[in-house]
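# Structural characterization, general
Now for the letters of each chain:
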Amino acid sequence: MTAQNDGRETLTQLGRSTPMPQSPEEAELERVPAPHKGKQYVVRFTAPEFTSLCPVTAQPDFAHLVIDYIPRDWIVESKSLKLYLTSFRNHGAFHEDCSVTIAETLVKLLDPVWLRIGAYWYPRGGMPIDVFWQTGLPPEGVWIPSQDVPGYRGRG
């Protein structure tokens, strides 16, 4: 794939000053052609400081997100993903809704061979809530590393 057809010309955020979107609905996820079509490899994004708002109390909720996917024809552009995830800072939704919405939005954008999200939410009210979702079984023969996010242990 040459620079002329690698998808850069379609990007509107990378390399430009881009204001933070105020909501996930306002955020614009962008994609570029996968550079190794036909090969199965895992792309991992880790967001250890993801933040959203409780829809009832408007208190902040924090999570460590791990998103793994096997591209088919597209990869997500990382700056647009960072801005999309950041847009949840002003968004009120339960942990389960945030986690699955992120995964489903990426699936709709990318049509990956396989995708999973592990959302490790820090406790509020004394109980952590972890949310796991994937599109199905991963293909055989692809090395998919463990997410290795330890369970919450408190101040013990």
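What counts, and at which threshold
Residues numbered from 1 in each chain as written. Predicted model: local features only at pLDDT ≥ 70, side-chain atom pairs only at ≥ 80, totals over all residues. Heavy atoms only, no water. UniProt positions renumbered as here; feature names shortened; annotations may be inferred. Helix = DSSP H or I, 4+ residues; strand = E, 2+ residues; numbered from the N terminus. Contact = heavy atoms within 4.5 Å. Polar contact = N/O pair within 3.5 Å; in protein donor to acceptor, adjacent residues only side chain to side chain. Buried < 20%, exposed > 50% of the residue type's maximum accessible area, 1.4 Å probe, protein only. Salt bridge = Lys/Arg side-chain N within 4 Å of Asp/Glu carboxyl O. Pairing = 2+ DSSP bridges. Axes fitted to C-alpha atoms, helices over the stretch in contact; angles between N-to-C directions.

- By the naming in an unreviewed UniProt entry, the protein chain is NADPH-dependent 7-cyano-7-deazaguanine reductase, taken from Acetobacter sicerae.
- What UniProt states about the protein chain under its Sequence similarities (unreviewed entry) heading is, verbatim, "Belongs to the GTP cyclohydrolase I family. QueF type 1 subfamily."
- Per UniProt, the protein chain carries the Function (unreviewed entry) text "Catalyzes the NADPH-dependent reduction of 7-cyano-7-deazaguanine (preQ0) to 7-aminomethyl-7-deazaguanine (preQ1)."

## Things to note about the environment of Gln 134
- Note that Gln 134 resides in strand 6 (residues 130–134).
- Residues Gln 134 and Tyr 69, 65 residues apart in the sequence, show an inter-C-alpha distance of 9.3 Å.
- Residues contacting Gln 134, with those up to four places away along its chain left out, are Trp 114, Leu 115 and Arg 116.
- At a separation of 2.9 Å, a polar atom in the side chain of Gln 134 contacts the main-chain carbonyl oxygen of Gly 136.

## Side note on the UniProt feature "binding site: substrate" (unreviewed entry) in the protein chain
- What UniProt calls "binding site: substrate" (unreviewed entry) maps, in this numbering, to Val 76, Glu 77, Ser 78, His 95 and Glu 96. The largest pairwise C-alpha distance within this set of annotated residues, which runs over 21 residues, is 24.4 Å, so the set is dispersed in three dimensions.
- In this structure, Ser 78 sits in helix 1 (residues 78–86).
- Judged by its relative accessible area of 44%, Ser 78 falls in the partly exposed class.
- Relative to the assigned elements, Glu 96 resides in helix 2 (residues 95–110).
- Filtering out sequence-adjacent residues up to four positions away, Glu 96 remains in contact with Ile 129 and Val 131.

## Details of the pattern of salt bridges
- Scanning the entire structure with this criterion turns up 4 salt bridges.
- Put simply, Arg 72 and Asp 111 hold a salt bridge, and the shortest N to O gap is 3.3 Å. In this pair, Arg 72 sits in the loop between strand 3 (60–70) and strand 4 (74–76) while Asp 111 sits in the loop between helix 2 and strand 5 (114–121), placing the two residues 39 residues apart along the sequence.
- Residue classification places Arg 72 among the partly exposed positions, given a relative accessible area of 35%.
- Through salt bridges that share partners, Arg 44, Asp 68 and Arg 116 make up one connected network.

## Details of the sheet that holds strand 2 (residues 43–53)
- Reading across the sheet, the 4 strands line up as 2-3-5-6 and stay open at both edges, with antiparallel pairing between neighbours. Two strands bound the open sheet, and with one partner strand each, they are strand 2 and strand 6. Within the sheet, the average angular offset between the axes of one strand and its neighbour, ignoring direction, is 15°.
- Bridge count for strand 2 against strand 3 is 9 bridges, and the pairing is antiparallel. Bridging across to strand 3, Val 43 finds its partner in Tyr 69.
- Packing against the sheet, helix 2 makes contact with strand 2, strand 3, strand 5 and strand 6, and its axis sits at approximately 160° to strand 5.

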